[in-house]
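# Overview (structure and organization)
Below, each chain spelled out in residue letters.
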Amino acid sequence: MGYYKEFDDLMAFFIEEIVIFADCHNKGYGSELMTTLQNEVTANGAEHIELISVNDLHHMHFYEKLGYYKANNLIMMGKHLS
Ligand SMILES: CC(C)(COP(=O)(O)OP(=O)(O)OC[C@H]1O[C@@H](n2cnc3c(N)ncnc32)[C@H](O)[C@@H]1OP(=O)(O)O)[C@@H](O)C(=O)NCCC(=O)NCCS
């Protein structure tokens, strides 16, 4: 699940969520989905893919093997509304 973002200098695709059924983990389906997604958004004109990841070894391994890097100049922010 995600959406295209048109910036002034490029178009990006933001991955909001990716989920593979738990019984099917570690069989390459997630990587295959990400590669298919990359090919499709590239064909549609996107030059960059962004996402916010769970910060653990599993997710870092998954994304880094697909060529993703940590954006060290960004930090997640939130505000609780009571
Ligand atoms: C993240 C997710 C999409 C990956 O899907 P998948 O089909 O299991 O992915 P793949 O099989 O292509 O790759 C998984 C890789 O993680 C590795 N891995 C699994 N558990 C790991 C762990 N605890 N630590 C490090 N690596 C781990 C696997 O060995 C595999 O790497 P390899 O191909 O080098 O052997 C899937 O785990 C998922 O749906 N998780 C729940 C939802 C979620 O967390 N979404 C992402 C939010 S940021």
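Residues numbered from 1 in each chain as written. Predicted model: local features only at pLDDT ≥ 70, side-chain atom pairs only at ≥ 80, totals over all residues. Heavy atoms only, no water.

Moving on, we come to helix 1 (residues 29-43). Between the first and last C-alpha of helix 1 there are 21 Å, a value that for 15 residues agrees with the 21 Å anticipated at 1.5 Å per step. Those residues of helix 1 lying buried are Gly30, Ser31, Met34 and Val41. Along the long axis of helix 1, the arc covered by the buried residues comes to 100°, so they all point the same way. Along helix 1, the residues that are exposed and aim more than 90 degrees away from the buried face are Glu32, Asn39, Glu40 and Ala43. Among the structural elements, strand 1 (2-6), strand 2 (11-15), strand 3 (48-51) and helix 2 (57-65) are those in contact with the buried residues of helix 1. Following helix 1 by one or two positions, Gly45 has its phi on the positive side, about 105°. (Helix = DSSP H or I, 4+ residues; strand = E, 2+ residues; numbered from the N terminus. Expected span 1.5 Å × (residues − 1). Buried < 20%, exposed > 50% of the residue type's maximum accessible area, 1.4 Å probe, protein only. Arc of directions from axis to C-beta. Contact = heavy atoms within 4.5 Å.)

Below, the discussion takes up the UniProt feature "domain: N-acetyltransferase" (unreviewed entry) in the protein. According to UniProt, the feature "domain: N-acetyltransferase" (unreviewed entry) maps to residues 1-82 in the numbering used here. The distance from the first to the last C-alpha atom of residues 1-82 is 29 Å, and the span holds 29% helix and 17% strand. (UniProt positions renumbered as here; feature names shortened; annotations may be inferred.)

So, about helix 2. Every buried residue of helix 2 is listed here: Met60, Phe62 and Tyr63. Angularly, the buried residues of helix 2 cover 165° about the axis, an arc narrow enough to put them on a single face. With respect to the buried face of helix 2, the exposed residues turned more than 90 degrees away are Leu57, His61 and Lys65. The elements touched by buried residues of helix 2 are helix 1 and strand 3. Just downstream of helix 2 lies Gly67, where phi reads positive at about 95°.

Attention shifts here to the site of the ligand. Inspection of the region around the ligand gives 21 residues, with Ile18, Ile20, Ser31, His61 and Lys65 positioned closest. One of the side-chain N or O atoms of His61 is found 2.7 Å from an oxygen atom in the ligand. Look at the ligand: alone it shows 960 Å² of surface, and the protein chains cover 71% of it. Of all the secondary-structure elements, those providing two or more residues to the shell around the ligand are helix 1 and helix 2. (Near = heavy atom within 4 Å. Polar contact = N/O pair within 3.5 Å; in protein donor to acceptor, adjacent residues only side chain to side chain. Areas by Shrake-Rupley, 256 points an atom, 1.4 Å probe, with all protein chains shown as cover.)

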